[in-house]
Amino acid sequence: MAFEDIKVRSYDGDLDRARLELLERRCEVGPSQHVFLFTDTMGDPVSRIRNCPLYIMLVAELNHELIGAIQGTIKVVTMKDLAKVGYILGLRVSPLHRRKGIGSSLVQHLEQWFIGNQVDYAYMATEKDNNASVNLFVNKLRYIKFRTPAILVHPVRSQPLKISSKIDIFKINEENAEYLYRRYMGLTEFFPTDIDKVLRNKLSLGTWVACDQGGRDQFGQNGHFPTNWAMLSVWDSGGLFKLRIGKAPGSCLVYSKVSKLLDKVFACFNMPTLLCNMFEPFGFYFLYGVHHEGPVSGNMVQALCNYVHNMARVGVDCKMVVTEVGSYDERVRPHIPHWRLLSCLEDLWCIKAMKSDERESINELTRIPQTRPLFVDPREV
């Protein structure tokens, strides 16, 4: 196949929508060799990035066949200073056309779009053991390994999770949430300057705070806050696209067939309801802006996670609660409920300077161990 036969162009909804849905079904993604997550964009292939300030989707075409796709977004975030960053996601190449330079071509075309929009850095995320992806970005395209956050996935269970009566949990409005985020997370890596738009998006269900019992009425009064408290916000990712589990082990296949009976007989075992209909499309809640203050605030993070889990139980099709935390947040990870089978405990972020005068700066960033939390934008999940 001649490289010049491949045409890379912008996505055309009328022409490409159905073909992209087919491509997506052919490309499995997931955190393990046994369990894969398939994405159902519900007829809108750009749904994952539509809420970003600036975005694009490119497709690769060969002899009128759509064989690849990639998405990119641009926003301004906190790095060492404020920086304009481009995020690469949704790279898909048809299994029959891999190892032919199509992925490289798509990334390079997207980088040109970044450069044309004055982007300082481009970055991407992949599984640490995804050798094909690491080889493409790190070895071939000269991206640098940057951060290794953990994606923590918790299936929604049939029974509510317990929340200590010694902890108050309450919802705050967008204005107060923005104030807290800018005050306490404004210097966090990848903190978006337009956090106000994130919080006011219709997919953001709200922001909740946890503190010691009786501390709610005094929380934030005169700018004072209790010694121990935590906060997080919830994004309804299921409002954009659905997930479906496939290629599970045989034991899980058996379980899915008999799960209804087992749930009746062994309801006290509190098995995840996700496994009851694991091959049907489902939505999930994404926890973002997880922040905590105080030596015992980890318990409050767990209380908030349990609270969101119980919210998800009454959702129409929410079967998972997901969050992503940086390696700097090791002390809070044990307090976030998750299921190891579906979680990715060491995701990999890679970064590349788009401007020649930023190359030394990026080398400095990657040499220094992470000393600040990492903000994961729910619009790019």
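Computed from a predicted model, the values in this text were never measured in an experiment.

## Some details on the overall build of the protein chain
Phase 1 of the analysis: In terms of helices and strands, the protein chain carries 8 helices and 15 strands.
Phase 2 of the analysis: Residues classed as buried in the protein chain amount to 55% of the 381 residues present.
Phase 3 of the analysis: Long-range pairs, those at least 24 residues apart, make up 79% of the contacts in the protein chain between residues at least 6 apart in sequence.
Phase 4 of the analysis: Only carbon and sulfur atoms are counted for the fraction: they give 50% of the accessible area of the protein chain, which is about 17,900 Å².

## Quick notes on empty space enclosed by the protein
Phase 1 of the analysis: Throughout the structure, instances matching the rule amount to 4 cavities of 30 Å³ or more.
Phase 2 of the analysis: As for the largest cavity, its lining consists of 13 residues, of which Leu20, Glu24, Pro45, Met57 and Gln71 are closest to the centre.
Phase 3 of the analysis: For the lining of the largest cavity, the secondary structure elements donating two or more residues are helix 1 (13-26), strand 4 (65-78) and strand 5 (82-93).
Phase 4 of the analysis: Per element, the largest residue contribution to the lining of the largest cavity is 4 residues, and it comes from helix 1.
Phase 5 of the analysis: A per-class count over the lining of the largest cavity returns 5 nonpolar, 4 polar and 4 charged.
Phase 6 of the analysis: The wall of the second largest cavity is formed by 13 residues, among which Gly289, Val290, Glu324, Leu374 and Val376 lie closest to the centre.
Phase 7 of the analysis: Broken down by element, the residue count for the lining of the second largest cavity peaks at 5 residues, all from strand 13 (residues 283-293).
Phase 8 of the analysis: Among the residues forming the lining of the second largest cavity, the class breakdown is 9 nonpolar, 2 polar and 2 charged.

## Considering unusual backbone geometry
Phase 1 of the analysis: With a phi close to 50°, Asn63 is a non-glycine residue in the positive phi region.
Phase 2 of the analysis: Within the fold, Asn63 resides in the loop between strand 3 (54-62) and strand 4.
Phase 3 of the analysis: A relative accessible area of 65% means that Asn63 is categorised as exposed.
Phase 4 of the analysis: Even without being glycine, Arg142 reaches a positive phi, approximately 65°.

## Quick look at the pairing of strand 10 (residues 204-212)
Phase 1 of the analysis: Buried residues dominate strand 10, accounting for 7 of its 9 residues.
Phase 2 of the analysis: As paired strands, strand 9 (residues 167-172) and strand 10 are joined by 6 bridges and run antiparallel to one another. Pairing of Phe170 across the sheet is with Val209, part of strand 10.
Phase 3 of the analysis: The pairing of strand 10 with strand 11 (residues 229-236) spans 7 bridges and is antiparallel. Across the sheet, Val209 pairs through a bridge with Met231, a residue of strand 11.

## Points about the packing of aromatic side chains
Phase 1 of the analysis: If you walk through the whole model with that rule in mind, you get 19 aromatic pairs.
Phase 2 of the analysis: Centre to centre, the rings of Trp113 and Phe114 are 5.7 Å apart; their planes meet at 45°, and the pair counts as tilted.
Phase 3 of the analysis: Given a relative accessible area of 19%, Trp113 falls into the buried group.
Phase 4 of the analysis: With 6.1 Å between their ring centres and 65° between their planes, Phe146 and Phe190 make a pair best called edge-to-face. Note that Phe146 is positioned in strand 7 (residues 144-147) and Phe190 in the loop between helix 4 (174-185) and helix 5 (195-200), a separation of 44 residues in sequence.

## Description of the confidence of the model for the protein chain
Phase 1 of the analysis: For the protein chain, the average pLDDT comes to 85, and 84% of its residues sit at 70 or higher.
Phase 2 of the analysis: Every residue in residues 248-271 scores below 50 in pLDDT, and together they form 28 contacts with partners more than four places removed in sequence or on other chains.

## As for the sheet that holds strand 3
Phase 1 of the analysis: Strand order in the open sheet made by the 7 strands is 1-3-4-5-6-15-7, with mixed pairing throughout. Because the sheet does not close on itself, it has two edges, and the strands there are strand 1 (6-10) and strand 7. Each neighbouring strand pair of the sheet contributes to a mean axis angle of 30°, computed without reference to strand direction.
Phase 2 of the analysis: Here 5 bridges tie strand 1 to strand 3, and the two strands are oriented antiparallel to one another. Note on strand 3: the bridge partner recorded for Val8 is Ala60.
Phase 3 of the analysis: Sheet strands in contact with helix 1 are strand 1, strand 3, strand 4 and strand 5, and its direction is about 90° off that of strand 4.

Calculation criteria
- Residues numbered from 1 in each chain as written.
- Predicted model: local features only at pLDDT ≥ 70, side-chain atom pairs only at ≥ 80, totals over all residues.
- Heavy atoms only, no water.
- Helix = DSSP H or I, 4+ residues; strand = E, 2+ residues; numbered from the N terminus.
- Buried < 20%, exposed > 50% of the residue type's maximum accessible area, 1.4 Å probe, protein only.
- Contact = heavy atoms within 4.5 Å.
- Areas by Shrake-Rupley, 256 points an atom, 1.4 Å probe, with all protein chains shown as cover.
- 1 Å grid on protein atoms, 1.4 Å probe; cavity = no way out; pocket = protein on both sides within 12 Å on 5 of 7 lines; lining within 4 Å.
- Points joined across faces, edges and corners; volume = space filled by probe spheres on them.
- Nonpolar A, V, L, I, M, F, W, Y, C, P; charged D, E, K, R; others polar.
- Pairing = 2+ DSSP bridges.
- Phe/Tyr/Trp six-rings, centres within 6.5 Å; stacked < 30°, edge-to-face > 60°.
- pLDDT = per-residue confidence, 0-100.
- Axes fitted to C-alpha atoms, helices over the stretch in contact; angles between N-to-C directions.

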